[in-house]
Amino acid sequence: MPPDSDLSSGDDVYVFPRYLAGLPGHADPSFDPVAHWPHHYPETGPCQLVVASPDHRIRIGWFGDDYDTWVISAAEDPVSPPRWTARINHTTPPEIVAGLTRALADEWAEDSTTFLTQPSVYWTTGIRPLLDAGWKRNIPRHGFVDVVAPDGLAGASIDVTDPDPDAETVTLWAGPPGWATRAEAVFTALTPSHLIAATAAALADPTPVIRSRTTLHPRLVELAQLTPVEPPKPAVPTPLDVRRAAAARRSTALPASTARRWTTSAPPPPAHPAARPGLRR
């Protein structure tokens, strides 16, 4: 069911599944978990915003109109090259990106290294939420394992053979092929499995998300289930509210003795006055 706290109107709709909702024109949900981290606004280059952990080991870059809208990385120290990188494109719903940024925000501490741990040797670990949600493994293709949602409109592709630590080995995707419709989150080989799993859990989350119908690509409108967002119903008045309202109506009503009664019938003619005696001379 749609969350009761999401109140909107007009052209707004709930979109299910959420992975077909696209980017609503802003990335607020993806940055909400790290809103308390330092924000930096580069004056040059394509990157518009960098949100970094207080020690600058984790960096979340926002590139706005670029194809790689988010570039997220983590390093052993502020000046070392990234140990792992996630590139997330411009059609990925920010609610899915929030799965990753929330996990990073929860794990970061000055003495924490959990966001730098070695990934599991088992490819299933990173996409366990998808398997638990009933997504199925496709017929293997050379060097890759594919897991696909029941509707065939989202999935994960895992490169199980490339030994390069910088290779992009896990791709979470959603939507039909096409620049404006295919969402992708691509993780390099050393990305900790539990961080990929956090993103995968947000991908498979059955909770709908709100979008304005005008921001949805027509192809996604055809494929997704859209439910209008209705305004909340007025609260049911309590007995005390009813009594107060009745008292207020009585206090403003005219007394019965002075209230004029209206009728559509014609009033009776006035009685003729009695003849007055003539003046005496």
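This text follows the structure it describes.
Every value quoted in this text rests on a predicted model; they were computed, and no experiment measured them. (Residues numbered from 1 in each chain as written. Predicted model: local features only at pLDDT ≥ 70, side-chain atom pairs only at ≥ 80, totals over all residues. Heavy atoms only, no water.)

**Brief notes about the overall build of the protein chain**
Okay, so step 1: Helix and strand content of the protein chain: 6 helices and 13 strands.
Okay, so step 2: The proportion of buried residues among the 281 residues of the protein chain is 42%.
Okay, so step 3: A separation of at least 24 residues holds for 55% of the contacts in the protein chain among residues at least 6 apart in sequence.
Okay, so step 4: Approximately 16,900 Å² of the protein chain is accessible, and the part contributed by carbon and sulfur atoms is 57%. (Helix = DSSP H or I, 4+ residues; strand = E, 2+ residues; numbered from the N terminus. Buried < 20%, exposed > 50% of the residue type's maximum accessible area, 1.4 Å probe, protein only. Contact = heavy atoms within 4.5 Å. Areas by Shrake-Rupley, 256 points an atom, 1.4 Å probe, with all protein chains shown as cover.)

**Focus on the pairing of strand β4 (residues 58-62)**
Okay, so step 1: For β4, the tally of buried residues reaches 4 of 5 residues, placing the bulk of the element in the interior.
Okay, so step 2: Where strand β3 (residues 49-52) lies against β4, 4 bridges are found, and the strand directions are antiparallel. Bridge pairing in β4 places Val50 opposite Gly61.
Okay, so step 3: In sequence, β3 turns back onto β4 through a hairpin of 5 residues, with His56 there showing a positive phi of about 65 degrees.
Okay, so step 4: As defined by bridge partners, β4 adjoins strand β5 (residues 68-74) across 5 bridges and the pair is classed as antiparallel. Paired with Ile58 across the two strands is Ala74, which belongs to β5.
Okay, so step 5: Hairpin connection, β4 to β5: the antiparallel pair is bridged by 5 residues, and Gly64 has positive phi, about 60 degrees. (Pairing = 2+ DSSP bridges.)

**Concerning the sheet that holds strand β8 (residues 144-148)**
Paired through backbone hydrogen bonds, the strands of a sheet run either parallel or antiparallel to each other.
Okay, so step 1: The 10 strands lie next to each other as β2-β3-β4-β5-β6-β11-β10-β9-β8-β7, forming an open sheet whose pairing is antiparallel. Where the open sheet ends on each side, the last strands, each with one partner, are β2 (39-40) and β7 (136-137).
Okay, so step 2: In the packing of helix α4 (residues 193-204) onto the sheet, the strands contacted are β6 (84-89), β9 (154-159), β10 (168-174) and β11 (183-188), and the crossing angle to β10 comes to about 10 degrees. (Axes fitted to C-alpha atoms, helices over the stretch in contact; angles between N-to-C directions.)

**Describing the sheet that holds strand β12 (residues 209-212)**
Okay, so step 1: The 3 strands lie next to each other as β12-β1-β13, forming an open sheet whose pairing is antiparallel. Among the strands making up the open sheet, the edge pair consists of β12 and β13 (225-228). Strand after strand, the sheet turns through a mean of 40 degrees between neighbouring axes, direction not considered.
Okay, so step 2: Judged from the 4 bridges that link them, strand β1 (residues 12-16) and β13 form a sheet pairing that is antiparallel. Among the inter-strand pairings, Val13 is bridged to a residue of β13, identified as Pro228.

**Side note on the nonpolar core**
Okay, so step 1: In this structure, Tyr19, Phe31, Ile72, Leu130, Trp135 and Leu172 are the most contacted members of the largest nonpolar core, which totals 54 residues.
Okay, so step 2: Ignoring anything within four residues of it in the chain, the contact list for Leu172 reads Ile127, Leu130, Gly155, Ala156, Ala183, Glu184, Ala185, Phe187, Ile196, Thr199, Ala200 and Leu203. (Core = buried A, V, L, I, M, F, W, Y, C linked by side-chain atoms within 4.5 Å.)

**Side note on the packing of aromatic side chains**
In this description, a pair of aromatic rings is defined by centroid distance and the angle of the planes.
Okay, so step 1: By the definition in use, this model includes 4 aromatic pairs.
Okay, so step 2: Between Trp37 and Trp108 the ring centres are 6.3 Å apart and the planes differ by 70 degrees, which places this aromatic pair in the edge-to-face class. Taken together, the residues span a long stretch of sequence, with Trp37 in the loop between α1 (28-31) and β2 and Trp108 in the loop between α2 (94-107) and α3 (128-132) at a distance of 71 residues.
Okay, so step 3: By relative accessible area, Trp108 is classed as buried at 18%.
Okay, so step 4: Ring geometry for Trp62 against Trp70: centres 5.3 Å apart, planes inclined by 65 degrees, an arrangement best described as edge-to-face.
Okay, so step 5: A relative accessible area of 0% means that Trp70 is categorised as buried.
Okay, so step 6: The rings of Phe31, Trp62 and Trp70 are connected pair by pair, giving a single aromatic cluster.
Okay, so step 7: The side chain of Arg141 reaches across the aromatic face of Phe144, ending 4.4 Å from its centre. (Phe/Tyr/Trp six-rings, centres within 6.5 Å; stacked < 30°, edge-to-face > 60°. Lys NZ or Arg CZ within 6 Å of the ring centre and 35° of its normal.)

**Regarding unusual backbone geometry**
Okay, so step 1: Each neighbour pair has its own omega, and for Phe16 with Pro17 the value is -5 degrees, a cis peptide bond.
Okay, so step 2: Structurally, Pro17 can be placed in the loop between β1 and α1.
Okay, so step 3: Phi at His56 is positive, roughly 65 degrees, even though this residue is not glycine.
Okay, so step 4: Along the chain, His56 turns up in the loop between β3 and β4.

**A look at the environment of Gly25**
Okay, so step 1: Examined against the element boundaries, Gly25 turns out to sit in the loop between β1 and α1.
Okay, so step 2: Residue Gly25 is classed as exposed on the basis of its relative accessible area of 69%.
Okay, so step 3: Along the sequence, Gly25 and His90 sit 65 residues apart, while their C-alpha atoms lie 9.8 Å from each other.

**Overview of the side chain of Ser73**
Okay, so step 1: Along the chain, Ser73 falls in strand β5.
Okay, so step 2: The buried category is assigned to Ser73, whose relative accessible area is 12%.
Okay, so step 3: Setting aside chain neighbours within four positions, we find Ser73 in contact with Arg57, Ile58, Arg59, Pro82, Trp84 and Thr85.

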